[in-house]
Each structure stands twice: as structure tokens, then as C-alpha cells.
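What follows is the residue order along each chain.
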Amino acid sequence: MDDEPKLVCFSCKFGWGYLTKQEGLKDASDFLMPVECSGKLDAIHLLKVFKEGADGILILACEEEHCHFQEGNFRTVKMLYLLKEVLQAHGIEKDRVRIALSLDPEGRSIPGRIAQMKKSLMALGPLNRTLL
Amino acid sequence: MWNTVSKGAAAVERAVKQYLPPCQEQCPINEDIQRTNVLISLLPEDPSAAAPAILEIGDYLYDKNPFFPVCGYVCGLCELECNYHAKGGAIKRRLLKRFISDTYIPYLETREEWTLVKHRENVAIVGGGPAGLMAGYDLSKRGYRVTVFEASDRLGGALWLIPRYRLPERVLASTLEGMVRMVGMDVKLNTRIGQGKWTLDKLKNEGFKAVFIAQGTPTPRTLTFDRNPVDGQDLSGVMYGQTFLYEVSHGNIRPNYFTGKKVLVIGGGNVAFDVARTARRLGGETAIVALECEDKSSRDGIPADVEEIRGAWEEGIRIVYSRGVQKIIGESERMKGVVCPKCTRVYDEKGFNPAFDPADTLVLDGDVLIVTVGQGPDWTALQTEGLVDAHGRLSVDPVTLQSRNRKWAFVGGDLRKIGFMVEAMQDGLVAAESIERHLQERDMTEGRKRVFEVQDIPMRRHYLTEPEVVWIPPEKRMHFQLFERGFTLTEAIEEARRCLSCGPCISCKACVSIGLRDSLNPVEVLTDRCCGCGICVSACFYSAIQLKDVDMGRISVTDAFKCKACGMCVSACPSGARTLGEDPLDAAVITLAAGLQKQVGAGA
């Protein structure tokens, strides 16, 4: 579908879907990207995927206080706070980046979360890449 | 789905110098605590899916420590050094292991034995306790033909003295039976070496090339006062703690044996508390008389564990601190009470040297006196076999456990030094290694002393508090069933997730074994890009990064042992000077971007 928003989803391997085959999760989204820790994500990675065509980014991080690498999830929350301000200054809606702090070993909620975010991206319309 | 690998990239490595998490450093046999904690934290929450996964963790533990089902009930030494100790309570590692044990025991009972090729020499093990069995297990796995000579009618030694309310009989019996069966050791019960026709020389003549002597400490220490034995220890009603526990474990003492009687237990160690709590469960009105004082932090503090003291206190056992026993009062051949002067000092600079205040004396009435002031080896047998030196002490090398008098004999366990069960097991492993080196005529000492460094607690904003351990209320636990409740699956996962996994990756690799990562790739620093700003130092949770002055200026360096390859410093570095080698993330983002472009292109 041409007008379906392109959503990139980064998911923490220690909190999300580690009991399911990674291929199974891939069905949930064309752009699902498991990472060792959400704290590993750099603003550069996120800007890169925006620049290359994503309309939105969903980050699935560990529950608060339960990061395997101590506080990687908290680092991401902090980073996102600043990134959103920068994006907004450039006229990009803050809601195009979201983070969920939770635990879902079987990854059952991932398709639902992706669908939900796609729906709100639909309302926002495609990202005007000239703003980046 | 749940599947772990322990070979190749996921194998745990041993190194001469290495960092370990403090729990593993504290554990005498360096069990892979962190690895199994992480694996437990990743268990499925569905019990039927979790069961095979739990057995997989159990198999992994069993390979290195076949006593782990018992350790899960009685040990917990690792918890003493847990980094979490000061920050919300140590990780309940013992209960986590007990959780694995509870699923593992029924499986172990029917587990198919290993096929081991026994192509090497015959080795005799004297004493079937933790030290002896551990040595036998390790040697059998190395291909030696092992025969265990046990003096009593069952294996296990002092483990049988642990009361049933702490260690269920089935767990112990199945563990012992499983060990012997899995590796195929020969066992000769009711055979006491050093007495009668069974001597070390006879073993040698029978073709045993080496012997490991771990007979333990079967002789109870008698009560002394001012270096002289206290009179009246032959009175009726006086017995020794070890003997008492032995008889209880053999089922020779009927329930309510002490009902209506006043039982006095002398001693302040854990065994004394085991005795007192057992006597209480047999209906006795029990009091403990300890030489040491209540304040555990002082030099003269009581040596028993806090949990034991709390348990005894809850069960209505009176604890009389700082009292010695000067005299046993007898009346027509029966013991009637003890005279207890105040103990003013237990230890001085030289060691055990109690002092008393004769003016302050207490008389305690009692019908039964159980002396539990320690135990010692059977010196006569050791002397006959020529294992002691001119001073009457054991003549043994502390590093290799080789006897100095008889080079083919190795000595360990409680016999050498009284300690915890796992310390005896460690002696067993050390002896097994020594025996192999001795039989292969290799260097006995090279590389034996391993130096471990302990990693500090990682930095984080919040630390979680420990879960409450549930004990059955005292009024309902006056029986020999377990009084401590184990973890449920959910609780075990929750507690294992609390583990900070503060140790280094190289001794853990849980994430590699379960497939969350392909390999460990510590951070590399591109020195020409690094400006030495130090942002990475504060970004690292594990204090793995330091700044170093070099010719060109200041750069940051990462300790590869401490690095967890989490990538926090990589994303924090403002000049892109840090990389995780060939990090799959960067490559993946490029692929992702290409995919996006394609779709965007198609849509346009």
C-alpha cells in the first residue's frame, strides 16, 4: 500500500520477544530491528532512518529499573526528550517518535503497538523530508 | 524455542587472571552464578514451557557442581559478598538454585547415566562425604576408575547431619544416588580405612595408584574448662551434638522424645543451633548456652548465622550468651544442671583463650545436656597410617593437598580444615586435579593459584529491594518438614532479573548461549578521533573506561574485561571515536535505510 506510513521499530532483545523466533516478529513490521539495548541507539541512527524514508519510529525498551545494562532505557528516554525538542524546532511532530517501557518476552503485543502507532502516523500524514 | 548453547562462542572461559562477579569469587568452586541467574531471568513465564528450560539450566549447573540441588537448600555463601548487599539486599541465589533443584530432582532420579570411557588408573576415595564424592565425580569424568570407601552404611557423610527441616531427605538421597550413578563410581559401604584389615598399604596392593582421604571429623570435641575436661560428661543425659543429629537422621529417635524435658545445648555455632532446633521439634524446652556474646560484629560475637539465631528465637529457644560451663551437676548418675560462669573474653591476640568471672555464676537446670562445641578427625587412624608430622598435625601441602609423608595420598575436606560443605567440595576438585597431575607426573603447583579480581557494583539511579523470604510461622513449624517457602516461577524470574550481572561477560556469556548475541565484541577506541573529553567515562555504568595520557594528548581506554559491549559509550561519544567492532546495528540501520528508500521510491 502506497499510503501506508513507514514505521521503524527498534526493540530491546532483553525485554521484547526473546522467546519468539526473530523471523516471526519480522512479520509484525517490515522494519523491525532488535537491538541489544535501547541505550545503544544514537540520535544519528534515528535521524538516519527518518532521512531515508521513515514516517515514524517506535522504540521498545525494557521496563524501568530492569535494564540488563543497568539504565540504558533511561538513557534513551533522556536522549528522546532532547531529540523531540530538536525535531519540533524543525517542524516535525514530536509524536513521530515514541518509546514504550515494558516487558513482553513473547512479543505478543508488538504487532498491536505497531498498528496503533501506524494509525496515529496516518493522521499525521507522511513526513516532509525537506524539513530534515 | 528456549534453547541454550554452551559450546563454541558461548563456552565460559577460564583464565589465570580474570575479573569475576563477587558472588562467583566468593564461591569456593566458582560456580557460574551470573550466567545461570541471567538464564533464569529469561525463562518463559508459562510453566510448561519453562520446565524443559529449567532442566537445561540444571544440566549446565550439574555438569560443574553435581551437589547443586543440595547447595540450593543449605549454602548461600555467595550471597554474603553480593554487590547488592549494601543496596537493597543480596540476590537470593540460594533460593534461585533451590528453585532449579525442585524441578531437577525428579528428572535426575530418572536421568540416563553418562557413558564414560574409564581407561585410566584406579583411584581410591576414602570417605563418601562432599569432598570425597566431588573428587570421585571429577576423576570419573576424567576417565579414572574410582572406588569410594565409606565407613558408615550410606554415602553423604556430614550432610546427613543437616536437619530435615532445612534439607529434605529426598533431595539429599537423590543427589547422592545420582552422582554415583551418573559417572559410575564403585562404592564400598561399611569399610573403614585405617582400622582392621583395610589400610592404605592394602589399597596400594590392590592396585590403587592414588588415594584421596576425606574422612571428615567424626569425633565430637569434649567440653573443657580452663583446658581441663569438665567432669560429669559420662553422666546419663549428657550426649554430643553430632551423635544426636546422626541418630535423629537415622530415625532412631522417636517424635516427642524430649517432651516435658529441659534440654540444654552447649555451643554457639550453626551445628549447635541445628541441635537446639531439632531438640525443640522433639518437644524439649530448649536453651542454648554460648560462650560468645550477642554482638556478631565483635571479636567475641556468636558464630552462628543470623537466620539460625532468628529461627531459634522465633521457635521459643532461650539463648544464653556469654556463659561457659564450669561444672555439670549430677544426681544419682543423672545430669541435673550446669554451672555457668560469665565469660568475659573468648579470644585474645593469640586465639581461643576464654576468661571467666567466677563472681557472676548462673546455675541452669536441665534433664538433657547436648554438647556441641565442635568436632575433630579420627587422629588414631591418621597416626597409624603415618599421615601426621612430629607435632601430631596433618602433614599436607595446602595448595596441592598432597600428603608430605605419602606422595600418592591426598588429604582434604573437613579432615584438613573444618568448613562449609562447598569448601569440602572445593578440596575434592583440587585433589582430583592434583591426582591427575601426580599420575601423569606433571608439575604439581604450576598455575594452581588463581587470582581473581572482583568487579564493583554498577552505577544506577535505583536499586531494587530484596523479596521477603517466607517462613512458616513458628507455631506451625514444629515438625521436620521444610519451614522456608521456595520461589514460584514468577518470583524466581523476578528475583533473577534483579541481579545486576555485575561480573564480566567472559565468565558469563548467557546472552550468547541463548542467542541474543552472536559474540562479545568489546569497544574499540579510534585514537586519532578521541579527544579525551571523558564523556564516555561518565557514560559507562561499569567503570570500564579510564582516561590515559599519551604522547599525542589524552585519550580514553576501555578495560576489555569489564566492558559489556552495551554501546552506551558509543552512542555518548560526540566525536564518533568509539565503535563496537563490526557492530551489526550500524550495518542493519544501513540495510533498513536501503529498504525504506526502495519503498519510498516505489511509492513516488
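Because the structure is a prediction, the values reported are computed rather than measured.

K.L.:
For the overall build of chain B, give the residues involved together with the corresponding values.
P.N.:
Per the secondary structure count, chain B includes 18 helices and 23 strands. Taken over C-alpha atoms, the radius of gyration comes to 28 Å for chain B, in line with the 25 Å a tight globule of 604 residues would show. Its C-alpha atoms give chain B principal-axis dimensions of about 110 × 55 × 55 Å. Taken over 604 residues, chain B has a buried fraction of 45%.

K.L.:
Can you lay out the overall build of chain A for me, pointing to particular residues and giving the numbers?
P.N.:
A tally of helices and strands in chain A yields four helices and four strands. Listing the helices and strands of chain A from first to last along the sequence gives β-α-β-α-β-α-β-α. Computed over its C-alpha atoms, the radius of gyration of chain A comes to 14 Å, within 12% of the 14 Å expected for a compact globule of 132 residues. Along the longest, intermediate and shortest principal axes, the C-alpha atoms of chain A span 40 × 30 × 20 Å. Across the 132 residues that make up chain A, the buried fraction comes to 51%.

K.L.:
Go over the interface of chain A and chain B with me, naming the residues and quoting the values.
P.N.:
Accessible area lost upon the coming together of the parts serves often as the stated size of an interface. Listed by partner, the interface residues are 34 residues for chain A and 32 residues for chain B. When residues of the side of chain A that touches chain B are traced back to their parent elements, those giving at least two are β2 (32-35), α2 (43-51) and α3 (72-89) of chain A. Among the elements that take part in the side of chain A that touches chain B, α2(A) stands out by supplying three residues, more than any other. When grouped by side-chain class, the residues that make up the side of chain A that touches chain B number 13 nonpolar, eight polar and 13 charged.

K.L.:
Describe the sheet that holds strand β13 (residues 327-331) of chain B, and please don't skip the residues or the numbers.
P.N.:
Residue and element names in this part refer to chain B. Sheet architecture is open: three strands sit in the order β13-β14-β15, paired in antiparallel fashion. Only two strands of the sheet have a single partner each, and these edge strands are β13 and β15 (351-365). Adjacent strand axes in the sheet meet at a mean angle of 20 degrees, parallel and antiparallel pairs treated alike. As paired strands, strand β14 (residues 334-348) and β15 are joined by 10 bridges and run antiparallel to one another. Following the sheet pairing, V338 is matched in β15 by L364.

K.L.:
Any details on the nonpolar core? Residues and values, ideally.
P.N.:
Ranked by internal contacts, the top residues of the largest apolar core, which has 201 residues, are A:V49, A:L60, B:V211, B:F212, B:V265 and B:L369. Per-element accounting of this core gives the leading share, nine residues, to helix α13 (residues 421-439) of chain B.

K.L.:
Got a sec to walk through helix α14 (residues 489-498) of chain B? Specific residues and values, please.
P.N.:
One turn of the α-helix equals 3.6 residues, which is why residues spaced by three or four share an orientation. Every buried residue of α14(B) is accounted for by B:A492, B:I493, B:E495, B:A496, B:R497 and B:R498. Where α14(B) is buried, its residues touch α2 (33-41) and α5 (93-110) of chain B.

K.L.:
Describe the pairing of strand β5 (residues 208-213) of chain B, with residues and values.
P.N.:
Residue and element names in this part refer to chain B. Most of β5 is tucked away, with five of its six residues classed as buried. Relative to β5, strand β2 (residues 122-126) runs parallel, the two being bridged by five bridges. Its bridge partner lying in β5, I125 is registered against F212. Here three bridges tie β5 to strand β18 (residues 409-411), and the two strands are oriented parallel to one another. Residue pairing in the sheet places I213 in a bridge with V411 of β18.

K.L.:
Got a sec to walk through the pairing of strand β11 (residues 285-289) of chain B? Specific residues and values, please.
P.N.:
Residue and element names in this part refer to chain B. Most of β11 sits inside the fold, with four of its five residues counted as buried. As a crossover connection, the stretch from strand β10 (residues 262-266) through helix α10 (residues 270-281) into β11 is right-handed. Inspection of the sheet shows β11 paired to strand β12 (residues 318-320) by three bridges, in the parallel sense. Paired with I288 across the strands is I319, a residue of β12.

K.L.:
Please set out the domain arrangement of chain B residue by residue, giving values where relevant.
P.N.:
Residues and elements named next belong to chain B. If you check the domain split of chain B, you get domain 1 (8-111 + 455-513), domain 2 (122-218 + 377-439), domain 3 (220-376) and domain 4 (524-586). For domain 1 and domain 2, the distance between their C-alpha centroids amounts to 28 Å. The interface of domain 1 with domain 2 comprises 21 residues on the first partner and 26 residues on the second. Mapped by element, the contributors of at least two residues to the side of domain 1 that touches domain 2 are α4 (68-74) and α5. When residues in the side of domain 1 that touches domain 2 are grouped by element, the largest group, five residues, is from α4. Counted by class, the side of domain 1 that touches domain 2 contains 17 nonpolar, two polar and two charged residues.

K.L.:
Could you give an account of helix α7 (residues 169-183) of chain B, naming the residues involved and the relevant values?
P.N.:
Residue and element names in this part refer to chain B. Spanning 15 residues, α7 covers 22 Å between terminal C-alpha atoms, matching the ideal 21 Å at 1.5 Å per step. Among the residues of α7, those classed as buried are V171, L172, S174, T175, L176, G178, M179, V180 and V183. Taken from the residues just after α7, G184 is the one with a positive phi, measuring 70 degrees.

K.L.:
A description of the packing of α2(B) against helix α3 (residues 47-64) of chain B should follow, citing residues and the corresponding values.
P.N.:
Residues and elements named next belong to chain B. Where α2 contacts α3, the two axes come as close as 10 Å, and the packing angle between them is 175 degrees. The angle between α2 and α3 places the two elements in the roughly antiparallel class. Only I57, Y60 and L61 of α3 make contact with α2, whose side of the interface consists of T36, L39 and I40. Residue classes in the contact of α2 with α3 are distributed as five nonpolar, one polar and no charged.

K.L.:
Please set out the sheet that holds strand β3 (residues 56-61) of chain A residue by residue, giving values where relevant.
P.N.:
All names here are of chain A. Spatially, the four strands line up as an open sheet ordered β2-β1-β3-β4, and their pairing is parallel. Across the chains shown, the open sheet's two edge strands, defined by having one partner strand only, are β2 and β4 (97-101). On average, each strand axis in the sheet is inclined to that of its neighbour by 15 degrees, with strand direction left out of account.

K.L.:
Please provide a residue-by-residue account of unusual backbone geometry, values included.
P.N.:
All names here are of chain B. Positioned with a positive phi, D226 is a non-glycine residue whose angle comes to about 55 degrees. Not every positive phi belongs to a glycine, and S543 is a case in point at roughly 45 degrees. Its location among the elements puts S543 in the loop between α16 (535-539) and β21 (545-550).

K.L.:
Any chance you could break down the confidence of the model for chain A for me, citing the residues and the numbers?
P.N.:
When the pLDDT values of chain A are averaged, the result is 89; 94% of them are 70 or greater. For chain A, helix α1 (residues 22-26) of chain A is the element with the lowest average pLDDT, namely 68, and β4(A) is the one with the highest, namely 96.

Procedures and definitions
Residues numbered from 1 in each chain as written. Chains lettered and ligands numbered in written order. Predicted model: local features only at pLDDT ≥ 70, side-chain atom pairs only at ≥ 80, totals over all residues. Helix = DSSP H or I, 4+ residues; strand = E, 2+ residues; numbered from the N terminus. Rg over C-alpha atoms; globule rule 2.2 N^0.38 Å. Buried ≥ 20, exposed ≤ 12 C-beta atoms within 10 Å, placed from the backbone. Contact = placed C-beta atoms within 7 Å. Nonpolar A, V, L, I, M, F, W, Y, C, P; charged D, E, K, R; others polar. Pairing = 2+ DSSP bridges. Axes fitted to C-alpha atoms, helices over the stretch in contact; angles between N-to-C directions. Core = buried A, V, L, I, M, F, W, Y, C linked by C-beta atoms within 7 Å. Right-handed = clockwise from strand over helix to strand, strands pointing away. Domains from an automatic or database assignment. Expected span 1.5 Å × (residues − 1). Parallel < 35°, antiparallel > 145°, perpendicular 65-115°, else oblique. pLDDT = per-residue confidence, 0-100.

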